[in-house]
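# Tertiary structure, described
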Amino acid sequence: GGVKFRRFRNIIMNIKHDKDQVLKTGLQLFCSKGYSSLGVEEICKSSGMTKGAFYNAFKSKENFLLSSIKAYGENTVVHLKNKLHHKNTKAIDRITKFYEGMFEAQPKNNFTGCMINNIMSELGASNKIVGEATAIEFENFLDVIEPVVVEAQEEGDLNSHIDSRSLTELLHSTFYGSLTRAKSLQDYKQGINTMHLLINSLKTTTA
């Protein structure tokens, strides 16, 4: 009985391991290739998962995408908190440095951009379920950034006459647009300039 249980437990653990591994592979593939041009066969080949195990774990390519969106969103929220929620520098500097860093990372990431932005651009209008899933993650990102925007407003560095949520959405939507352009041109420097220009224009003006 004990041997059978151990064997069963190992099978379950391998399925979980395979699922985590294939999600990690999927994130990279969706970032670099998008959704339409990526087939289940390529996902399985790259991750080492059999087609049978893939369909058993995820049911469909669309469900796999939805799981990948959720996993990417969770990872991004952790990254945002690590970069923005420490108090050793002014909030405005943390915001500026965060967006600079996101653009500076693009060349070594082969200008893959942000998966949520990419999938939102590719499928957001044509696939309601995927559109809603990416919109939820975008709002989650805003939830993490907004308190730092509020901090910058309270410190007198960002315009406090603009609603903090609107200001946060303006920052991150501009970032996504600039990221799409950086990806298209394979040039990140213009994106940094755009974010600097936007942040400077939102700073509190002194009479």
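In what follows, the accompanying structure is described. (Residues numbered from 1 in each chain as written. Predicted model: local features only at pLDDT ≥ 70, side-chain atom pairs only at ≥ 80, totals over all residues. Heavy atoms only, no water.)

### Considerations on unusual backbone geometry
Residues other than glycine predominantly adopt negative phi, and peptide bonds predominantly adopt the trans conformation. The phi torsion at Lys59 lies on the positive side, around 75°, for a residue other than glycine. On the secondary structure map, Lys59 appears in the loop between helix H3 (51–58) and helix H4 (61–84). Of note, the phi angle at Gln186 is positive, near 55°, even though the residue is not glycine. Take Gln186: it is sitting in the loop between helix H8 (164–185) and helix H9 (189–201). For Gln186, a relative accessible area of 48% translates into the label partly exposed. (Helix = DSSP H or I, 4+ residues; strand = E, 2+ residues; numbered from the N terminus. Buried < 20%, exposed > 50% of the residue type's maximum accessible area, 1.4 Å probe, protein only.)

### Quick word on the nonpolar core
Residues Leu65, Ile95, Met115 and Leu171 are the most contacted members of the largest nonpolar core, which totals 56 residues. Ranked by residues supplied to this core, first place goes to helix H7 (residues 128–154) with 10 residues. Residues in contact with Leu171, not counting those within four places in the same chain, are Ile95, Tyr99, Val149, Met195, Leu198, Ile199 and Leu202. (Core = buried A, V, L, I, M, F, W, Y, C linked by side-chain atoms within 4.5 Å. Contact = heavy atoms within 4.5 Å.)

### Comments concerning the packing of helix H6 (residues 115–123) against H7
Their axes nearest at 9 Å, the elements H6 and H7 cross at an angle of 145°. Between H6 and H7 lies a crossing of left-handed hand. In this structure, H6 uses Ile116, Ile119, Met120 and Leu123 to contact H7, whose residues at the interface are Val130, Thr134, Ala135, Glu137, Phe138 and Phe141. Of the residues assigned to the contact of H6 with H7, the class counts are 8 nonpolar, 1 polar and 1 charged. (Axes fitted to C-alpha atoms, helices over the stretch in contact; angles between N-to-C directions. Left-handed = near helix turned anticlockwise from the far one by under 90°. Nonpolar A, V, L, I, M, F, W, Y, C, P; charged D, E, K, R; others polar.)

### Topic: the environment of Gln186
In the structure, Gln186 is positioned 76 residues away from Asn110 in sequence and 8.3 Å away in space, judged by C-alpha atoms. There is a polar contact of 3.0 Å between the side chain of Gln186 and the backbone oxygen of Lys183. (Polar contact = N/O pair within 3.5 Å; in protein donor to acceptor, adjacent residues only side chain to side chain.)

### Quick look at the side chain of Ser68
Mapped onto the elements of the fold, Ser68 is located in helix H4. Classification of Ser68 as buried rests on a relative accessible area of 0%.

### Concerning the packing of aromatic side chains
A complete count under the given rule lists 11 aromatic pairs for this structure. Taking 6.0 Å as the distance between ring centres and 25° as the angle between the ring planes, the aromatic pair formed by Phe30 and Tyr35 counts as stacked. Here Tyr35 falls in the buried class, since its relative accessible area comes to 14%. The rings of Phe30, Tyr35, Phe54, Tyr55, Phe58 and Phe64 are connected pair by pair, giving a single aromatic cluster. (Phe/Tyr/Trp six-rings, centres within 6.5 Å; stacked < 30°, edge-to-face > 60°.)

### Some points on the pattern of salt bridges
On inspection of all chains with the given rule, the structure shows 9 salt bridges. Measuring nitrogen to oxygen at the nearest pair gives 3.5 Å for the salt bridge that ties Lys33 to Glu42. Under the relative-accessibility criterion, Glu42 is labelled partly exposed at 28%. Between Glu74 and Lys70 there is a salt bridge; the shortest N-O distance is 3.0 Å. With a gap of 4 residues between them, Glu74 and Lys70 both fall in helix H4, about one helical turn apart. Look at the salt bridges and you will find they share partners, linking Glu139, Asp143, Glu146 and Arg165 into a network. (Salt bridge = Lys/Arg side-chain N within 4 Å of Asp/Glu carboxyl O.)

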